[in-house]
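Residue-level structural notes
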Amino acid sequence: LEKIAQGNIEFKFRRYLSAVSAYHEALARDRETMTLGAANVAMIDEKIGAAYNKLGQSDVAVRFLRKAIQQNPMNPSARYQIALAYALSGKTAVALNALRESFSACADPSDLRRFVMQSKTDTELAAVRDLPGFRSTVARYAGRIAMR
């Protein structure tokens, strides 16, 4: 848990390589002790993926984010991060699909609201916003937020 906390601090201060290192160390310790549950391992994989996204290494990010989604399929945050990774790698159609999946995975209206708002401004999604399906997707989910 100490290494996870260290990784979170490094991530917060945008020291992404140090964060990745701390998270990998936490996973290595867990392989020895098996103390972390699946939810924690999924969270670490998501954090590693998000850090690699920030470092511009979208292919590596996708690998870790897929692991996080396999461990926790209804995690909207990991699904949103994978949409960012695909968009960064130029796979805009796949990114749009992942964005839709992140919206549909939101059980909490505040999460949905946050991801819909972020999708309108995150620079990584600039090319995705040019796709015809982006506006209709955002409008459909924005309508769900308004109805709640």
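Remarks on the packing of aromatic side chains
Under the criterion given, the structure shown has four aromatic pairs. Positioned above the aromatic ring of F11 is the side chain of K47, whose terminal nitrogen or guanidinium carbon lies 4.8 Å from the ring centre. In this arrangement the basic side chain of R114 is found over the ring face of F115, its NZ or CZ atom lying 4.3 Å from the centre.

A short note on helix α6 (residues 92-104)
Across its 13 residues, α6 extends 18 Å between first and last C-alpha, which sits within 8% of the 18 Å expected from 1.5 Å per residue. Among all positions of α6, only T92, A95, L96, A98, L99, S102 and F103 are buried. End-on, the buried residues of α6 take up no more than an arc of 165 degrees, which puts them together on one face.

A look at the pattern of salt bridges
Scanning all chains against the criterion turns up six salt bridges. D111 is the partner of R114 in a salt bridge, and the nearest nitrogen-oxygen pair spans 3.1 Å. Residue R114 and its partner D111 are both found in helix α7 (residues 109-121); the two are separated by three residues, about one turn of the helix. Judged by its relative accessible area of 39%, R114 is partly exposed. Salt bridges sharing partners connect three or more residues here, namely K3, E25 and R29.

Here's the deal with the layout of surface pockets
Each pocket or cavity is described by its volume, and for the largest pocket that value is around 240 Å³. Lining the largest pocket are 15 residues, with K54, Y80, Q81, L84 and Q118 positioned closest to its centre. Elements that contribute at least two residues to the lining of the largest pocket include exactly α3 (38-54), α5 (76-88) and α7. Among the elements that line the lining of the largest pocket, the one with the most residues is α3, at five residues. Its residues placed into classes, the lining of the largest pocket shows five nonpolar, four polar and six charged.

Considering the nonpolar core
With 44 residues, the main nonpolar core has I44, L99 and F103 as its most contacted residues. Mapped onto this core, the elements with two or more residues apiece are α1 (2-12), α2 (16-33), α3, α4 (58-71), α5, α6, α7 and α8 (132-147). Sorting elements by how many residues they give to this core places α5 first, with eight residues. Discounting chain neighbours no more than four positions away, the residues touching I44 are I4, Y23, A26, L27 and L36.

Scoring rules and cut-offs
- Residues numbered from 1 in each chain as written.
- Predicted model: local features only at pLDDT ≥ 70, side-chain atom pairs only at ≥ 80, totals over all residues.
- Heavy atoms only, no water.
- Phe/Tyr/Trp six-rings, centres within 6.5 Å; stacked < 30°, edge-to-face > 60°.
- Lys NZ or Arg CZ within 6 Å of the ring centre and 35° of its normal.
- Helix = DSSP H or I, 4+ residues; strand = E, 2+ residues; numbered from the N terminus.
- Expected span 1.5 Å × (residues − 1).
- Buried < 20%, exposed > 50% of the residue type's maximum accessible area, 1.4 Å probe, protein only.
- Arc of directions from axis to C-beta.
- Salt bridge = Lys/Arg side-chain N within 4 Å of Asp/Glu carboxyl O.
- 1 Å grid on protein atoms, 1.4 Å probe; cavity = no way out; pocket = protein on both sides within 12 Å on 5 of 7 lines; lining within 4 Å.
- Points joined across faces, edges and corners; volume = space filled by probe spheres on them.
- Nonpolar A, V, L, I, M, F, W, Y, C, P; charged D, E, K, R; others polar.
- Core = buried A, V, L, I, M, F, W, Y, C linked by side-chain atoms within 4.5 Å.
- Contact = heavy atoms within 4.5 Å.

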